[in-house]
Amino acid sequence: MLSTCPLARHLTPNHSTGSSQYPADKDPPANAQIVHSGAACNVKDDNISERIYTIKEGDTLVLQCIVKGHPRPQVRWTKTAGSASDKFQETSIYNETLRIEGIQRVQGGRYYCKADNGVGVAAIKSIRVDVQYLDTPVLTVHQTISDVRGSYYQEKTVFLRCTVNSNPPARFIWKRGSMLIEQSKDNGVDIYEPLYTQGETKVLKLKNLRPKDFADYTCQVSVRNVCNIEDKSVTFRLTNATTPPMIRLSVNDTVVVDPGQDVLLTCEVTAGFPLPTVTWSRYPGPLPLSAQVRGPTLILRAVTPADAGFYNCSAVNNVGNPARKNVNLVVRTMGNLTFQITPDSNKDSETIQMGRDLKLSCHVDATPQDKVNYTWYKNGAPVFNSDSLILLRSDPDMAPGTSSLEIVDMKFRDLATYSCVANFPGSRVPELRVDVNISQNSVSPPVLSVPSGGQMVIVRERGNAELVCLVVDGKPRPPILWSRTEKDLLMPSGQTVVETPDGRLRLRNVSRDMMGTYRCQTAPYNGLNIKRREAQVQLNVQYPPILDPVFQDMRSRNYQMVTLRCTVLRSNPARLTDIRWFRNGDFIRMPMPDLKETPELKFKLEPTNNGSYECRVSNTAGTSTCTFNVSAQPYNAEFYFDTPNPVRILKGNNYSYNLQWTQRDPEATDRIIGYWINIRKNKQNLLSKLINLKGKEPEKGVLISHTISDLRIPLSYEVQLAPITTYSTGEYVTRIIQYSEHHVCGFEDERICGFSQDRSDIFDWTRQNHLTQNPKRSPNTGPETDRSGTREGYYMYIEASRPRVQGDKARLLSPLFNGTSVRGPKGSGRVPYCVSFYYHMKGKHIGTLNVLLRVRSIASVDSVIWTKSGHQGPDWKKAFFDISPSGPFQIVFEGVRGSGFEGDIAIDDVSITLGKCKQENTVASGISSMQLLGSEQ
């Protein structure tokens with residue numbers, strides 16, 4: 001059987017938008033719902049109708065986003081409202097099922113399922129995941145001693161503080177020994193909750209200690225067995241010897257050592273009962289991998305500079321506050337040693353001149369910087385302070401840790417070789433030395449120059465480049481510092497400044513983002529400390545043309561003109577050198593195109609010239625390509641996955657499946673005359689046949705239906721489908737069809753089989769099972785379980801309690817059935833359908849359950865086809881009847897509230913199937929559909 005029908009007639013009414021119709025030339029947008037499986041403790045709605053999924057920490061979270069829409073939507077999961085340390089929101093998951101093994105508390109929060117198929121606005125649903133946990137409590141003891149005025153004794157008060165992290169909030173129980181402590185029965189205790197504490201805390205205050213107060217105290221916490229989380233407890237023995245910890249270190253607060261030395265740090269416990277536990281930690285970072293902890297002693301073998309930091313010793317016995325001591329471990333290091341020659345700054349001089357002052361400076365990068373010792377030598381002899389030579393241990397005009405030697409009123413005797421030696425006194429760290437020759441010919445200002453032709457460096461992308469900036473004159477010659485002239489741009493290495501000793505900046509694998517102006521400057525060290533010399537070099541990175549489109553799939557009818565256009569977005573150099581067109585790799589001979597115009601190819605599409613077309617555009621840096629797949633082959637069919645009740649039971653343990661699809665852009669190519677369909681099982685073809693459209697062309701957004709018969713229950717099958725035109729066959733698309741009994745709706749899924757709430761009624765039907773019932777509900781109305789008698793099974797019901805009043809109505813709408821898409825019996829213009837369902841009407845205030853037939857035409861018309869009022873007993877009962885609608889229709893279940901709160905009405909296992917009802921020990925009445933009709937069991 002083959003039929004085509006407007007897609008709107010097969011859409012589930014969308015309660016959230018109030019619309020159930022879509023234009024025939026448009027696909028339905030995505031729709032999403034979240035259902036759960038896995039280890040949920042409870043799932044409920046809060047006061048803003050948001051789903052709350054409760055789960056125990058460490059269990060497996062499984063959320064499934066059930067989507068509808070055509071084409072099939074893509075699903076993406078994201079998360080918010082969790083811990084700031086949780087990064088799930090930055091790593092979206094593209095899958096209909098979200099599974100988290102061993103969920104942790106930081107992974108609780110609001111999870112969003114977003115379904116998008118490119119049609120309309122994306123559908124977004126959320127569910128809040130509440131992770132339940134209970135940690136082991138921590139019990140600490142604090143005591144105070146105060147003088148009591150007018151007396152000759154001291155009052156000793158002890159506070160036992162019990163803290164725990166839990167969700168939901170924990171309940172606390174205090175015990176002395178095995179006896180429960182009740183504040184109302186013991187004047188010597190207070191139990192209270194302090195303010196401004198982290199976690200949940202309860203304090204047991206023992207006032208003016210009595211002999212019986214020296215005992216074992218237990219703090220027991222409970223979350224009332226939610227998610228089967230057992231109670232936890234902690235016990236502390238209070239004695240008259242209970243004291244807080246005290247410690248002392250075996251070393252000073254700061255320890256400075258050479259690399260390679262062993263370090264022993266001992267944290268001695270001097271007081272505390274019970275015996276405190278000592279732990280070592282480090283900041284920043286963890287303890288080194290080579291660290292050894294032996295009781296209170298921390299051993300660091302052969303330390304390196306990476307082992308430096310603050311080492312923390314803590315002693316804890318849960319009495320008072322922990323005792324803490326810190327040691328700052330410094331490992332000596334000595335790095336780059338530089339010098340500066342500063343002419344007389346008061347005279348703005350850039351050269352050495354007799355009779356003027358001269359400063360020599362020396363700096364080493366070291367740790368600790370303030371422990372470096374500098375020694376100056378003149379021609380190998382130590383320099384001491386004099387009227388003409390002034391030593392500055394730390395020059396205030398230079399960077400911290402810089403030593404200077406000032407030569408006052410320079411004379412010929414001062415021309416010499418000066419040496420600066422840096423070392424750590426008493427250390428094995430090697431000393432560093434730098435020599436500076438001061439003579440009239442050895443010091444002169446630098447001259448910076450860019451070689452001829454080097455102001456502009458041209459390089460092809462992914463090649464190597466060298467930028468050159470040379471000191472062609474001057475003594476001593478300083479290193480060259482490179483940076484970008486554009487503000488906030490870093491060097492390719494990621495640094496702000498790069499030093500080159502020879503002035504050559506070498507760049508490898510150059511990319512276009514490196515293009516720009518580079519600044520070279522003389523360094524202020526290892527030479528004269530004068531105004532910097534500066535130059536610039538331009539880097540020009542050439543790259544092939546950037547084209548649009550890179551790839552385009554073009555479909556057209558045969559014997560129509562096709563235009564291919566390849567747009568040049570950017571190119572360096574901008575001048576193009578060649579444009580060539582190819583078909584299936586063969587060069588197309590044509591007049592040389594204008595290199596200043598957008599490349600374009602026009603031709604008439606024929607069965608012989610379908611194929612892959614390439615436009616290759618070149619400049620001196622290379623060639624880029626636009627690729628066009630030009631074809632008269634039809635686009636793929638797109639399966640429709642939301643067909644209501646596609647399965648129908650046949651005789652002989654067989655079933656049929658109503659396969660539905662739409663054709664993507666059917667007018668883009670030659671007329672589609674039919675479809676090839678293959679039915680496969682275990683990768684073997686069971687059936688291949690042609691679906692003949694018999695001259696009726698597919699329309700955009702209109703469903704095509706084909707019934708596949710003689711399928712075996714309960715097997716599933718692979719279906720392949722491809723459109724056919726006069727000249728070609730499209731590509732096959734594949735889907736799996738499965739046998740299911742969803743033609744009977746038991747409301748087990750949150751999608752409730754495509755049923756929806758009527759927006760024009762007073763209140764809504766509610767989906768419920770035994771496990772989600774309100775424990776405070778009235779026992780005299782409503783079902784205990786679903787129709788099958790299982791506690792997990794769901795049903796739909798109306799809640800008669802407040803704020804409902806007599807006469808309030810709730811309507812539940814079935815999916816829209818296209819009654820005109822199937823031809824009826826010969827001589828009849830209408831097709832029969834069987835409607836069956838179970839109902840439960842128990843209670844002294846039961847109102848009315850009406851079943852209406854809503855026929856869609858120019859205006860919707862509702863007709864009552866079944867009704868029942870008043871108490872009908874404690875059991876589920878079945879009703880069924882035939883209808884013969886005159887057009888597209890819906891079945892409406894209308895619940896009417898009775899005179900009181902004991903009036904809950906429920907329905908379950910609703911079935912609307914094609915064909916007349918099979919008589920089940922009862923003969924159905926033959927009343928017309930405009931009258932009351934039906935049968936019951």
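As annotated in an unreviewed UniProt entry, the chain is MAM domain containing glycosylphosphatidylinositol anchor 1 from Seriola dumerili. Note on the chain: under the UniProt heading Subcellular location (unreviewed entry), the record states "Cell membrane".

A. Quick look at the pattern of salt bridges. Counted according to the given criterion, the structure contains 40 salt bridges. In this structure, Glu-193 engages Lys-202 in a salt bridge whose closest nitrogen and oxygen atoms are separated by 3.3 Å. For Glu-193, a relative accessible area of 54% corresponds to the exposed category. Take Lys-202: its relative accessible area is 23%, and that puts it in the partly exposed class. In this structure, Asp-502 and Arg-506 form a salt bridge, with 3.5 Å as the shortest nitrogen-oxygen distance. Residues joined in a network through salt bridges with shared partners are Asp-758, Arg-811, Arg-854, Asp-862 and Glu-894.

B. Examining the pairing of strand S27 (residues 333-343) more closely. A large share of S27 lies buried, amounting to 8 of its 11 residues. For S27 and strand S28 (residues 358-367), the ladder comprises 9 bridges, and the chain directions are antiparallel. When the sheet's bridge partners are listed, Leu-337 is paired in S28 with Val-364. Pairing between S27 and strand S43 (residues 527-528): 2 bridges, direction parallel.

C. Representation of the environment of Ile-798 within the structure. Among the structural elements, Ile-798 can be located in strand S64 (residues 795-798). Looking at Ile-798, the relative accessible area reads 1%, which means it is buried. Through-space distance from the C-alpha of Ile-798 to that of Asp-904 is 5.5 Å; in sequence the pair is 106 residues apart. Among all residues touching Ile-798, those that are not within four sequence positions of it are Phe-763, Trp-765, Ala-810, Gly-895, Val-896, Gly-903, Asp-904 and Ile-905.

D. Structural view of the confidence of the model for the chain. In this model, the chain carries a mean pLDDT of 86, and residues with pLDDT of at least 70 account for 88%. In this model residues 821-825 is a low-confidence stretch, pLDDT under 50, and it forms 8 contacts with partners more than four residues away in sequence or in other chains. Taken as a whole, residues 921-937 scores under 50 in pLDDT and shows 40 contacts with residues more than four places along the chain or in a different chain.

E. View of the environment of Ile-579. Relative to the elements of secondary structure, Ile-579 occurs in strand S48 (residues 578-583). In sequence terms Ile-579 and Cys-615 are 36 residues apart; their C-alpha atoms lie 7.0 Å from each other. Beyond its immediate stretch of four places on either side in the chain, Ile-579 contacts Met-592, Pro-593, Asp-594, Leu-595, Pro-599, Cys-615, Arg-616 and Val-617.

F. Broad picture of the packing of aromatic side chains. All chains considered together, the criterion is met by 14 aromatic pairs. Look at Trp-661 and Tyr-675: their rings are 5.2 Å apart centre to centre, the planes differ by 70°, and that puts the pair in the edge-to-face class. In this pair, Trp-661 sits in strand S55 (residues 654-663) while Tyr-675 sits in strand S56 (residues 672-681), placing the two residues 14 residues apart along the sequence. The exposure classification of Trp-661 matches that of Tyr-675, with both residues buried. An aromatic cluster is present here, built from Phe-837, Tyr-839, Trp-866, Phe-881 and Phe-893 joined pairwise through their rings. Of note, Arg-580 hangs over the ring of Phe-587, and the distance from its end group to the ring centre comes to 5.6 Å. The ring centre of Phe-582 lies 3.7 Å from the NZ or CZ of Arg-616, which sits over that ring.

G. Expanded view of the state of the cysteines. Evaluated as defined, the whole model comprises 7 disulfides. Bridging Cys-267 to Cys-313, the disulfide has an S-S length of 1.8 Å. On the S-S bond that ties Cys-267 to Cys-313, the torsion sits near -80°, and the link is left-handed. Remark: Cys-313 occurs in strand S25 (residues 309-316) and Cys-267 occurs in strand S21 (residues 263-273); sequence separation between them is 46 residues. The exposure classification of Cys-267 matches that of Cys-313, with both residues buried.

H. Here's a closer look at the side chain of Ser-314. When you line up the elements, Ser-314 lands in strand S25. The class for Ser-314 is buried, based on a relative accessible area of 13%.

I. Spatial organisation of a nonpolar patch on the surface. Where nonpolar side chains cluster on the molecular surface, the patch consists of Trp-676, Leu-690 and Tyr-732 and spans about 290 Å² of accessible area. Looking at the element boundaries, Leu-690 is found in strand S57 (residues 684-692).

J. Focus on the sheet that holds strand S33 (residues 416-423). The antiparallel open sheet is built from 4 strands, whose spatial order is S30-S29-S33-S34. With partners counted over all chains shown, the strands left at the sheet margins are strand S30 (381-382) and strand S34 (432-438), one partner each. Where strand S29 (residues 373-378) lies against S30, 2 bridges are found, and the strand directions are antiparallel. Counterpart to Lys-378 in the pairing with S30 is Ala-381.

K. View of the pairing of strand S32 (residues 402-407). Of all 6 residues in S32, 5 are buried, a share of seventy percent or more. Relative to S32, S28 runs antiparallel, the two being bridged by 6 bridges. When the bridges of S32 are listed, Leu-360 appears paired with Leu-405. Where strand S31 (residues 389-392) and S32 come together, 4 bridges link them in antiparallel fashion.

L. A look at the sheet that holds strand S19 (residues 243-249). A sheet is described by the order of its strands in space; here 4 strands give the open sequence S19-S21-S24-S23, paired in antiparallel fashion. Bordering the open sheet on either side are S19 and strand S23 (292-294), each of which pairs with just one other strand. Neighbour to neighbour, the strand axes of the sheet diverge by 20° on average, direction disregarded. As paired elements, S21 and strand S24 (residues 297-300) share 4 bridges and run antiparallel to each other. Counterpart to Val-263 in the pairing with S24 is Leu-300.

What counts and how
- Residues numbered from 1 in each chain as written.
- Predicted model: local features only at pLDDT ≥ 70, side-chain atom pairs only at ≥ 80, totals over all residues.
- Heavy atoms only, no water.
- UniProt positions renumbered as here; feature names shortened; annotations may be inferred.
- Salt bridge = Lys/Arg side-chain N within 4 Å of Asp/Glu carboxyl O.
- Buried < 20%, exposed > 50% of the residue type's maximum accessible area, 1.4 Å probe, protein only.
- Helix = DSSP H or I, 4+ residues; strand = E, 2+ residues; numbered from the N terminus.
- Pairing = 2+ DSSP bridges.
- Contact = heavy atoms within 4.5 Å.
- pLDDT = per-residue confidence, 0-100.
- Phe/Tyr/Trp six-rings, centres within 6.5 Å; stacked < 30°, edge-to-face > 60°.
- Lys NZ or Arg CZ within 6 Å of the ring centre and 35° of its normal.
- Disulfide = S-S within 2.5 Å.
- Patch = residues over 30% accessible without salt bridge, like charges linked within 9 Å, V, L, I, M, F, W, Y side chains within 5 Å.
- Areas by Shrake-Rupley, 256 points an atom, 1.4 Å probe, with all protein chains shown as cover.
- Axes fitted to C-alpha atoms, helices over the stretch in contact; angles between N-to-C directions.

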